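Residue-level listing of the chains:
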Amino acid sequence: MKRGLLRQILLLLGLALLPAIGHAIYYGDRVSWSAPELGKDEVKLEEAQSWGDSVLWVDARPDEQFQKKHIPSAILLNEDRWSELLPAFLNIWSPGKRVVVYCSSRSCAASHEVARRLREEAGLSEVFVLHGGWEKWLEGRK
Amino acid sequence: MSILLRLIIGAVFLYAGGLKAWAPLGFANDIEHFHLLSWTLGMGFAFYLPWLEIICGLALIATRLRIAAVAILTALTAVFLVATILAKLRGINLDCGCFGSASKGWSFGTHLLVDFALLTTLLLIWFRETRVAPVARLSVS
């Protein structure tokens, strides 16, 4: 029984390899097999800092994390309280400002989501996501 | 009962696999968010795992290989469940997962609930399928 089951498992594992290899070949150079440095809407900390006063930092983390600590001058705008916080953000924002959104780390997606909504719902164009998020900011402080 | 469960779970994995196979780069990013594998390995899995889910989903519904399919899908779900819990313990904020773009925005609790439901159903199918004439089923291969 165990050998039969093992053979069947190996057969299924092998069967899945065929379309997967075909799929990977089909995608060819449309995907990167080495780690991408930056996402298309991301900006590195050093570059964002070089923009000086024209940067408007937006903290997309939950309220309690923002209350603990955040980038100086950052404004809270998270998805939990989007409708409530957006007016305050728009009051501070002015044309020519570059918005840089961050969440806790490279692995969180909240900053990308907030950046997307700022572009699509608020109609802003210069909206970026801080590569590495709050973790990267803390590293930069050391 | 067992047939109905197999149809439902098979369809769920066909759907989940199809969504991820449609957008392998997005799935590679989802894997990357777990911080467990290198990007290259994650990309390899991003092409392989969706097809494994599709093949196993089909096998679960329509073939004599269903017990093997249940075994693979149970292992996949268990690994994903453990990885999700580990990520949470390490403070990684995941809002994407086993259903590709369809699960974006799910909370940690929702992820756990769905994974536990899948795991429980798969185990139920396993026990039902192996209890009924196991030797006859597995000797065909």
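Everything below is about the structure shown above.
Residues numbered from 1 in each chain as written. Chains lettered and ligands numbered in written order. Predicted model: local features only at pLDDT ≥ 70, side-chain atom pairs only at ≥ 80, totals over all residues. Heavy atoms only, no water.

1. Here we look at the pattern of salt bridges
Residue and element names in this part refer to chain A. With the rule as written, the count across this model stands at 12 salt bridges over all chains. Residue R81 is joined to D63 by a salt bridge in which the shortest nitrogen-to-oxygen separation is 2.7 Å. Here D63 lies in helix α3 (residues 63–68) and R81 lies in the loop between β3 (75–76) and α4 (82–92), a separation of 18 residues in the sequence. Residue class for R81 comes out partly exposed when judged on its relative accessible area of 25%. Notably, a salt bridge pairs E84 with R81, separated by 2.6 Å at the nearest N-O pair. On the basis of relative accessibility, which here comes to 55%, the residue E84 falls in the exposed class. Each of D63, R81 and E84 takes part in salt bridges that share partners, so that together they form one network. (Salt bridge = Lys/Arg side-chain N within 4 Å of Asp/Glu carboxyl O. Helix = DSSP H or I, 4+ residues; strand = E, 2+ residues; numbered from the N terminus. Buried < 20%, exposed > 50% of the residue type's maximum accessible area, 1.4 Å probe, protein only.)

2. Some words on the nonpolar core
Among the nonpolar cores identified, the biggest contains 36 residues, and L12(A), I9(B), L52(B) and C56(B) are the most heavily contacted of them. Within the residue set of this core, elements represented by two or more residues are α1 (2–27) of chain A together with α1 (2–22), α2 (24–33), α3 (39–62), α4 (66–89) and α5 (108–131) of chain B. Residues in contact with L12(A), not counting those within four places in the same chain, are L52(B), I55(B), C56(B), A59(B), L65(B), A68(B), A69(B) and I72(B). If you look at the next biggest cluster of nonpolar residues, it comprises 22 residues, including L76(A), L85(A), V114(A) and V127(A). (Core = buried A, V, L, I, M, F, W, Y, C linked by side-chain atoms within 4.5 Å. Contact = heavy atoms within 4.5 Å.)

3. A short note on the packing of α4(B) against α5(B)
Residues and elements named next belong to chain B. At a minimum axis distance of 9 Å, the contact between α4 and α5 shows a crossing angle of 155°. With respect to their mutual orientation, α4 and α5 come out roughly antiparallel. Helix-helix and strand crossings are classified by hand; for α4 and α5 the assignment is left-handed. Per-class residue counts for the contact of α4 with α5 are 17 nonpolar, five polar and four charged. (Axes fitted to C-alpha atoms, helices over the stretch in contact; angles between N-to-C directions. Parallel < 35°, antiparallel > 145°, perpendicular 65-115°, else oblique. Left-handed = near helix turned anticlockwise from the far one by under 90°. Nonpolar A, V, L, I, M, F, W, Y, C, P; charged D, E, K, R; others polar.)

4. Observations concerning unusual backbone geometry
Here S73(A), not a glycine, exhibits a phi torsion of approximately 75°, which is positive. Mapped onto the fold, S73(A) is located in the loop between α3 and β3.

5. Side note on the pairing of strand β4 (residues 98–102) of chain A
The two faces of a sheet get side chains in turn, since along a regular strand they alternate between them. All names here are of chain A. Counting buried positions along β4 yields four of five residues, so the element is predominantly enclosed. Note that strand β2 (residues 55–59) and β4 share five bridges and pair parallel. Looking at the pairing, L56 lines up with V99 of β4. Sheet analysis places β4 next to strand β5 (residues 127–130), joined by three bridges and oriented parallel. Bridged to V101 within β5 is V129. (Pairing = 2+ DSSP bridges.)

6. Focus: α1(B)
Taking 1.5 Å of rise per residue, the 21 residues of α1(B) would be expected to cover 30 Å, and the 30 Å separating its terminal C-alpha atoms lies within 8% of that figure. Where α1(B) is buried, its residues meet α1 of chain A together with α2, α3, α4 and α5 of chain B. (Expected span 1.5 Å × (residues − 1).)

7. A closer look at the packing of aromatic side chains
Residues and elements named next belong to chain A. Scanning the entire structure with this criterion turns up five aromatic pairs over all chains. Ring centres 5.6 Å apart and planes at 70° place the aromatic pair W57 and W137 in the edge-to-face group. Of this pair, W57 sits in strand β2 while W137 sits in helix α6 (residues 133–141); the two residues are 80 residues apart in sequence, bridging distant segments of the chain. Given a relative accessible area of 8%, W57 falls into the buried group. You can call W137 buried: its relative accessible area is 9%. A ring pair is formed by Y102 and W134, whose centres lie 6.2 Å apart and whose planes are at 25°; its orientation type is stacked. In this pair, Y102 is assigned in strand β4 and W134 in helix α6, connecting sequence segments 32 residues apart. Note on Y102: relative accessible area 0%, which makes it buried. (Phe/Tyr/Trp six-rings, centres within 6.5 Å; stacked < 30°, edge-to-face > 60°.)

Keep in mind these numbers describe shape, not what the thing actually does.
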